[in-house]
Amino acid sequence: MSDIQSFRQSIEAFIAARGWTPTRFGRDIAGDPLFVFDLREGREPRSDTRARILRSMQEYDDGADRGPLRLGVAGLGNVGATLVGILQQDGEALTRKLGRKLLVTAVCARNRSRDRGIDLADYEWFDDPVALAKSDSIDLFVELIGGEDGPALASIKAALEIGRPVVTANKALLAKHGVNLARLAEESGAQLGFEAAVAGGIPVIKTLREGLGSSRIERVYGVMNGTCNYILTRMGEEGIGFEDCLKAAQELGYAEADPTFDIEGHDTAHKLAILASLCFGCEIAPDEIFVEGVTTVTAADIKVAGDLGYKIKLLGIAQRSSDGIEQRVHPTLVPKGSAIAGVDGVMNAVVLETDHVHELMLAGPGAGGPPTASSVLSDILDIGRGTRVPPLGVPSAELTPYRQAPMRAHEGGYYIRLNAKDVPGAFANIATRMADVEISLESVIQRSDLRVNDPAGEGIKTRTVVLITHSTMEATVREALAHIADDGFIVGKPQLIRIETF
Ligand SMILES: NC(=O)c1ccc[n+]([C@@H]2O[C@H](COP(=O)([O-])OP(=O)(O)OC[C@H]3O[C@@H](n4cnc5c(N)ncnc54)[C@H](OP(=O)(O)O)[C@@H]3O)[C@@H](O)[C@H]2O)c1
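Everything in this summary refers to the structure shown in the same document. Note that this is a predicted model, so its numbers are computed, not measured.

Notes on the packing of helix α16 (residues 426-436) against helix α17 (residues 474-487)
(1) Moving on: Relative to each other, α16 and α17 sit at 150°, their axes nearing to 9 Å. The two elements α16 and α17 meet at a crossing, and its hand is right-handed. When α16 is examined against α17, the residues Asn-429, Ile-430, Arg-433 and Met-434 are found in contact with a partner set consisting of Ala-480, Leu-481, His-483, Ile-484 and Asp-487.
(2) Moving on: Looking at the contact of α16 with α17 residue by residue, the class counts come to 5 nonpolar, 2 polar and 2 charged.

A closer look at the sheet that holds strand β2 (residues 102-108)
(1) Moving on: Across the sheet, which stays open at both edges, the 6 strands sit in the order β3-β2-β1-β4-β5-β6 with parallel pairing between neighbours. Edge positions in the sheet fall to β3 (124-126) and β6 (192-193), since each of these pairs with one other strand and no more.
(2) Moving on: Note: strand β4 (residues 140-143) against strand β5 (residues 166-168), 3 bridges, orientation parallel. By the bridge assignment, Phe-141 is partnered in β5 with Val-166.

Focus on the site of the ligand
(1) Moving on: Around the ligand, the structure places 23 residues, and the nearest of them are Leu-76, Val-79, Asn-111, Arg-116 and Gly-368.
(2) Moving on: In the model, an oxygen atom of the ligand is placed 2.9 Å from a nitrogen or oxygen of the Asn-78 main chain.
(3) Moving on: Calculation on the ligand without its partners gives an accessible area of 910 Å², and the protein chains cover 79% of this total.

Examining the nonpolar core
(1) Moving on: Formed by 85 residues in total, the largest nonpolar core has its most connected members in Phe-141, Phe-194, Val-204, Ile-231 and Leu-275.
(2) Moving on: Considering every element that reaches this core, the biggest residue donor is helix α13 (residues 266-280), with 9 residues.
(3) Moving on: Formed by 32 residues, the second largest nonpolar core is a distinct cluster that contains Val-73, Leu-98, Leu-140 and Ile-380.

Examining the pattern of salt bridges
(1) Moving on: Overall, the coordinates contain 29 salt bridges when judged by the stated rule.
(2) Moving on: Its salt-bridge partner being Lys-313, residue Asp-344 comes within 2.7 Å of it at the nearest N-O pair. Here the residue Asp-344 occupies a position in the loop between β10 (324-335) and β11 (347-354), and Lys-313 occupies one in strand β9 (residues 310-321), the gap between them amounting to 31 residues.
(3) Moving on: Judged by its relative accessible area of 25%, Asp-344 falls in the partly exposed class.
(4) Moving on: The partner of Arg-328 in a salt bridge is Glu-326, and the shortest N-O contact between them spans 2.6 Å. The same class applies to Arg-328 as to Glu-326, namely buried.
(5) Moving on: One network of salt bridges, with partners in common, ties together Arg-219, Glu-326, Arg-328, Glu-353 and Glu-500.

Observations regarding unusual backbone geometry
(1) Moving on: Even without being a glycine, Ala-199 presents a positive backbone phi close to 55°.
(2) Moving on: Looking at the element boundaries, Ala-199 is found in the loop between β6 and α9 (204-211).
(3) Moving on: On the accessibility criterion, Ala-199 (0% relative accessible area) is buried.
(4) Moving on: We note that Glu-438 has phi near 65°; this positive angle belongs to a residue other than glycine.
(5) Moving on: Topologically, Glu-438 is positioned in the loop between α16 and β14 (441-446).

Rules behind the numbers
Residues numbered from 1 in each chain as written. Predicted model: local features only at pLDDT ≥ 70, side-chain atom pairs only at ≥ 80, totals over all residues. Heavy atoms only, no water. Axes fitted to C-alpha atoms, helices over the stretch in contact; angles between N-to-C directions. Helix = DSSP H or I, 4+ residues; strand = E, 2+ residues; numbered from the N terminus. Left-handed = near helix turned anticlockwise from the far one by under 90°. Contact = heavy atoms within 4.5 Å. Nonpolar A, V, L, I, M, F, W, Y, C, P; charged D, E, K, R; others polar. Pairing = 2+ DSSP bridges. Near = heavy atom within 4 Å. Polar contact = N/O pair within 3.5 Å; in protein donor to acceptor, adjacent residues only side chain to side chain. Areas by Shrake-Rupley, 256 points an atom, 1.4 Å probe, with all protein chains shown as cover. Core = buried A, V, L, I, M, F, W, Y, C linked by side-chain atoms within 4.5 Å. Buried < 20%, exposed > 50% of the residue type's maximum accessible area, 1.4 Å probe, protein only. Salt bridge = Lys/Arg side-chain N within 4 Å of Asp/Glu carboxyl O.

Have a look at this one:
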């Protein structure tokens, strides 16, 4: 019997033994719902495809023999309690998808008596997440406690050290310890999943590790913080100030009681650091990122930007440059017609620019219990199926040291808002100082409705002037602004917002 005949027979026997439909075999084993139909019509798969499918059949059987996949969930807050709720509600469907029962057997949180809206009676309770991570009653450890060190780190390490797979949503911890944890996972042969750590429900990690595994990524950028995006969107739509929008975001549960981490850009920086490592095969370097938050953006900035055809978004951007890798988080003017400008409210989006696929945008909810728990679940299913990929896309020994391109070498357009003293010569001075360093201006705008406040506060009359530059270097812009400030024709700190044309 030829190889292809014996392959056909194995598949028909596999389907018949389980009472499956050809579509189910195609979807769950071959990765193409029409596979069996094509095979029956005489289309012959290549030998490597045949080998892959035979391997998947074997793995399916091994999995079925292994019994249930037992989960230990540490952290039963927003994400953890939602995850357990989904597992309770959709258990059967998930078992069918995995071909193996998926069971929570043990949980851990601080407060045992808190009502979390889920029934915990059947689960073993642990007060100590490290004890749960090491317990023989689980096969996979899920860390949903949070925090960059402390019990989250100790428990993840404890699980990986004994070769137990881990799934976490903890971006702060991964940004700080991701490379060491990836190394530990590789040494012990454990899997480490963290899809939920970047952009909540958006499957960007899987896209980078598997979908685009063979592509060269040139640039990654995105709106990765729902709190900031909600605030900037409302400021733009309703013309209201930052503080009022922040208060509204807090009342709606979109912002933490202490929002500093989000609005100062650090949360975006953590996610960007993880993405940059996956995109460029370099070590994670959260401390090397240029970070500016959204607190200085005014409703007037958003209005002028809008009149000029731009929206303002807090972007995280990482790109290759001749000096290394540029990683930056800052408010950014983006053209209204660009795809990223359409990402409003609490939505997130990540854009990947690659050599072959060109531009790929993934958009969706970046936070919240259900979207985040859904990403945690997708990691659990992958690990349960036996998918094996290095946590950071390449073996950790192959990661290159991170080389930060200096921000002063950044090139691009700039939006500059200045409060110029209302005295003869002020505008001429600004124009001359820009020309001295060869900055070419695309537009100069001075409108009475742009007066933000009286920054001088001492009766000095000022006019608000906005300059839009053509592409120039950050160092050059800063030099011109330093001269303008020294000349004494402006009051207060200039506003500087970078422009991306995408
Ligand atoms: N929320 C989101 O939308 C979102 C999105 C993406 C990623 N994440 C990440 O997901 C993780 C969890 O976030 P979350 O919003 O679910 O947090 P959360 O609501 O604050 O829940 C944290 C849970 O951890 C438990 N916990 C804290 N310290 C503990 C300790 N020492 N021992 C045992 N349990 C402990 C808490 O127990 P008690 O309930 O008893 O206090 C609570 O159940 C974080 O890493 C976060 O960055 C969250």
